[in-house]
Amino acid sequence: MSTATARQTSGASGASVAGSRDTRTLKHHQGSVNHPRDTRVKRTLYVIAGVGSALIFGVPLFIAILRAFQPNATIVASPTWSSFWHFGWQNFEAIFSPQQHLLTGLVNSLIVAISTAVITAVVATMAGYGLSKFRFRGSRFFFGLILLTMMVPFQAILTPLYLQLNAMHLTDSLIGLILFYVTVNLPFGTFVMRNAFDAIPDELEDSALVDGASRTRVLLSVLRPMLMPGAATAALYAFLAAWTEFLGALTFLTKESLYTLPVALLNLQVGAFGQVNYGTLVAGSVVAMIPCIALYVGLQRFYVAGLSSGALKG
Amino acid sequence: MDRRTFLAGGLLGAATLALAGCAGALPQIDSASSAFEKKATGTVNVWCRAATQTGLASLVTSFNKSHSDLKVNLTPIPDAQYVTKLATAIRGGQPPDVVDMDDINSVLFAYRDVFADLTHVVQGLDYYKDLSTGHLDLVKQRGKIWGIPYLADNSMLYYNTDILKKADVDPASLTKGFDSLMAAAKKIKKLGGDVQPWSLTGAAAGILGFTVQPNIWATGTDMQIGTLGKQTGHIVGNDALQRTLEFYRQLWQDKLVSSGAYADQGTTWGADFRAGTVGMIPISWGSVYTADPAQLAKFDAVLLSGPDGGSAFFDGGDNMCIPNGAANPGGGWEFMKYATSLSTQAALPAGGYFPTRSDVLTPSYEKKYPLSILPLKNLDKGYAPQTLAYNLLYNQTASPFLAMFREAVFTGTVSGALKTGQSTWDRILEQSQA
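As the structure is a prediction and not an experimental result, all values here were calculated from the model. (Residues numbered from 1 in each chain as written. Chains lettered and ligands numbered in written order. Predicted model: local features only at pLDDT ≥ 70, side-chain atom pairs only at ≥ 80, totals over all residues. Heavy atoms only, no water.)

### A closer look at the overall build of chain A
Line of reasoning, step 1. Scanning chain A for helices and strands turns up 14 helices and zero strands.
Line of reasoning, step 2. Sorting the 314 residues of chain A into buried and exposed places 39% on the buried side.
Line of reasoning, step 3. Long-range pairs, those at least 24 residues apart, make up 74% of the contacts in chain A with a sequence separation of at least 6.
Line of reasoning, step 4. Of the roughly 17200 Å² that chain A leaves accessible, carbon and sulfur atoms contribute 68%. (Helix = DSSP H or I, 4+ residues; strand = E, 2+ residues; numbered from the N terminus. Buried < 20%, exposed > 50% of the residue type's maximum accessible area, 1.4 Å probe, protein only. Contact = heavy atoms within 4.5 Å. Areas by Shrake-Rupley, 256 points an atom, 1.4 Å probe, with all protein chains shown as cover.)

Following this line, the structure appears as structure tokens:
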């Protein structure tokens, strides 16, 4: 959650910085009334703030990557210059050794997280469409009910969830896990998508319908470009939640060959009495963050727009 | 209490309730039945905890190689989630065939009647009399035996012989009580430099439970009294406990432990000792044996002593049990016999654990693993508390043992900590025994 919050903050500050740059450019074109010295001060402050922010977010990542190449004994020992330069691949060799099944965990996590993201985005889009553009009795009540489920942590109902999935023969199955993650992520996805639909004027849809387009056509051709930020936000949230989720995966899976990355990683890192192998921990973290960073960078444009849409129309 | 601790506590509570609800729901297995007599075939699903998975994985590989028609599938479970996951699986009617679990948690499951009665086959083993009594006592309930010890994780007081020699400390004095230990620590302190007399992880609940309690047990008393299921706390008026807390308080106040002890959560437990910068540390072999061979040669150990002498050690480690409803109990027992065979047991110290069979002691074994023989030669000094609330009382971050230790040693007074501890102990025991 903290990571997501950090990303939101980062995205928001990025948007704000971009906004201030646009404003500055506009003023420049209009013939700025600011004194040149003020502009220089602002620019300097902007550079300092930008570099500072980049360091705050970048240095921990850099240290993590650096540490991933150091043996555990070096990481936990008092830092010395001589031992600091002991770099090697031993942590990655350890986590990717055939006995550890980490590669299998990585593939399982990718299957589960991508499927969860896609299904959540599709179902949330349809739910948002229905709740926003179709008037029916109790729509507000149902929307409230959906939001209410966000208040109940699934950990509190873990045993009934397990029994239900077990009765449906969906334990020890990645499909069962995907359905579970979709269920958990749908309330937020529906919330985002309903707001995304609310932001679109009814007249746009009406004119398409008058022109003879079907509901499906309206959704896929006319509204789709405007829905992309919301859908990307819902998908990204669902992906990250599924990618990092631990307790559900541990409870609903009992075959090591089906374990997802968080479970496989924890088994590798934590010893008796809470001891931690920091070498494998940090190497595993570096491996685990690669897809998240790739996806975030790929969807950043949509993500920021989707967030602000949700914030304003809630 | 933070959110994580709250959820962990809630989950454990829910798991306990789920366990209570499922007691007796699965088909009972009796080792005296024919299922245990016929030749087992097929697949055996074994769960182990992550901390011991490396050794188990090698064991399973060799077992599968030596058994053509019986195969073992091993599933490692993170230690902290083991109880919750097992309770949920049993409640769902899908238990594994064998659970290799922290012996301290086997008490709870045996008490709730969810394990197969193994009395017949365990007592029939020709090495039954050689098994670790501390481990076995945890699964001996209502006159029956519900499991078998697999590996031992014993706490002892390890020391660096080089440092003790430089400080002119006789290692034999380390068994004579707190005054001798304090005197030894003060001598080591005088060496100066970066050498610490004693290593303490003052914010690590599980480690403190593992290393501090034997000081109390050495006097023959425990912190819970009464029969299992009807226990109360023995905190106020527990002289051994009070003196143990005072001893640790003195270590802290006299700066005989690192200043980092206050916040040390034990994630790098033993790293300072392995590096050769600590004189004494109560710890397990599993956190010592990975030291550089040159350092390892300098280490030796004694059993943990009480305030005025005596000795004890924590009989931690794993017990293996077969849950009722297991699909292949005969295969499970075959694997358990293999796991407790002499050759398997004799190789355990190479993976950081001790055997649970004292008959492994041979001259060649003693020469190979000299640091492992003390518990095996003193099986009667090994102990592990039999209580239904061990995790809640000792292992969790929010446990009253950790709170009491920290208040007594770092922040408050010993008497105040004992008073608060008594009421918390009684409340938790009452709730978990309901």
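### Concerning the nonpolar core
Line of reasoning, step 1. If you look at the biggest cluster of nonpolar residues, it comprises 198 residues, and the most contacted ones within it are Tyr158, Leu174, Trp198, Met280, Ile322 and Met404 of chain B.
Line of reasoning, step 2. In terms of residue count, helix α11 (residues 215-244) of chain A provides more of this core than any other element does, 11 residues in total.
Line of reasoning, step 3. Those residues within four positions of Met404 of chain B in sequence are excluded, and the remaining contacts are Met223, Ile235, Leu241, Leu245, Ala417, Leu418, Gly421 and Trp425 of chain B. (Core = buried A, V, L, I, M, F, W, Y, C linked by side-chain atoms within 4.5 Å.)

### Looking at the packing of helix α3 (residues 82-91) of chain B against helix α4 (residues 103-111) of chain B
Residues and elements named next belong to chain B.
Line of reasoning, step 1. Where α3 contacts α4, the axes come no closer than 11 Å and their chain directions differ by 25 degrees. Comparing the axis directions of α3 and α4 gives the class roughly parallel. Seen along the crossing, α3 lies across α4 with a hand that is right-handed. Contact residues: α3 offers Val83, Leu86, Ala87 and Ile90, while α4 offers Asn105, Leu108 and Phe109.
Line of reasoning, step 2. Classifying every residue of the contact of α3 with α4 gives six nonpolar, one polar and no charged. (Axes fitted to C-alpha atoms, helices over the stretch in contact; angles between N-to-C directions. Parallel < 35°, antiparallel > 145°, perpendicular 65-115°, else oblique. Left-handed = near helix turned anticlockwise from the far one by under 90°. Nonpolar A, V, L, I, M, F, W, Y, C, P; charged D, E, K, R; others polar.)

### Some words on the side chain of Asp153 of chain B
Line of reasoning, step 1. Take Asp153 of chain B: it is sitting in strand β6 (residues 148-160).
Line of reasoning, step 2. Nearest to the buried, unbridged Asp153 of chain B among oppositely charged side chains is Arg49 of chain B, at 4.9 Å.
Line of reasoning, step 3. The residues contacting Asp153 of chain B, other than those within four sequence positions of it, are Phe273 of chain A together with Phe210, Ser284, Phe314, Asp315, Gly316, Gly317 and Tyr353 of chain B. (Lys, Arg positive; Asp, Glu negative; His and termini not counted. Salt bridge = Lys/Arg side-chain N within 4 Å of Asp/Glu carboxyl O.)

### Here we look at the interface of chain A and chain B
Line of reasoning, step 1. Contacts between the two partners involve 28 residues from chain A, matched on the other side by 30 residues from chain B.
Line of reasoning, step 2. Roughly 2400 Å² of surface becomes buried between chain A and chain B when both sides are summed, with 61% attributable to carbon and sulfur atoms.
Line of reasoning, step 3. When the area that chain A buries against chain B is broken down by residue, the three leading residues are Asn267, Phe273 and Gln275 of chain A, summing to 26%.
Line of reasoning, step 4. Between the two partners, chain A and chain B, sit zero salt bridges. (Buried area = accessible area lost by both parts, 1.4 Å probe.)

### Quick look at the domain arrangement of chain A
Line of reasoning, step 1. Here chain A is partitioned into domain 1 (40-89) and domain 2 (100-269).
Line of reasoning, step 2. Taking the mean C-alpha position of each, domain 1 of chain A and domain 2 of chain A sit 35 Å from one another. (Domains from an automatic or database assignment.)

### What about the domain arrangement of chain B?
Residue and element names in this part refer to chain B.
Line of reasoning, step 1. Looking at the assigned domains, one finds that chain B contains domain 1 (34-153 + 317-376) and domain 2 (154-316 + 384-433).
Line of reasoning, step 2. Inter-centroid distance (C-alpha atoms) of domain 1 to domain 2 is 28 Å.
Line of reasoning, step 3. At the junction of the two partners, domain 1 supplies 28 residues and domain 2 supplies 28 residues.
Line of reasoning, step 4. Taken together, the two surfaces of domain 1 and domain 2 that pack against each other cover about 2100 Å², and 63% of this comes from carbon and sulfur.
Line of reasoning, step 5. In terms of surface lost to domain 2, no three residues of domain 1 exceed Ile104, Asp153 and Leu371, which account for 31% of the buried area on that side.
Line of reasoning, step 6. Between the two partners, domain 1 and domain 2, sit zero salt bridges.
Line of reasoning, step 7. Counting every contact that joins domain 1 to domain 2 gives 10 residue pairs in polar contact (both at pLDDT 80 or more).
Line of reasoning, step 8. Broken down by secondary-structure element, the contributors of at least two residues to the side of domain 1 that touches domain 2 are α4, α6 (133-138), β6, β13 (309-321) and α16 (373-377).
Line of reasoning, step 9. In the side of domain 1 that touches domain 2, the residues fall into 15 nonpolar, eight polar and five charged. (Polar contact = N/O pair within 3.5 Å; in protein donor to acceptor, adjacent residues only side chain to side chain.)

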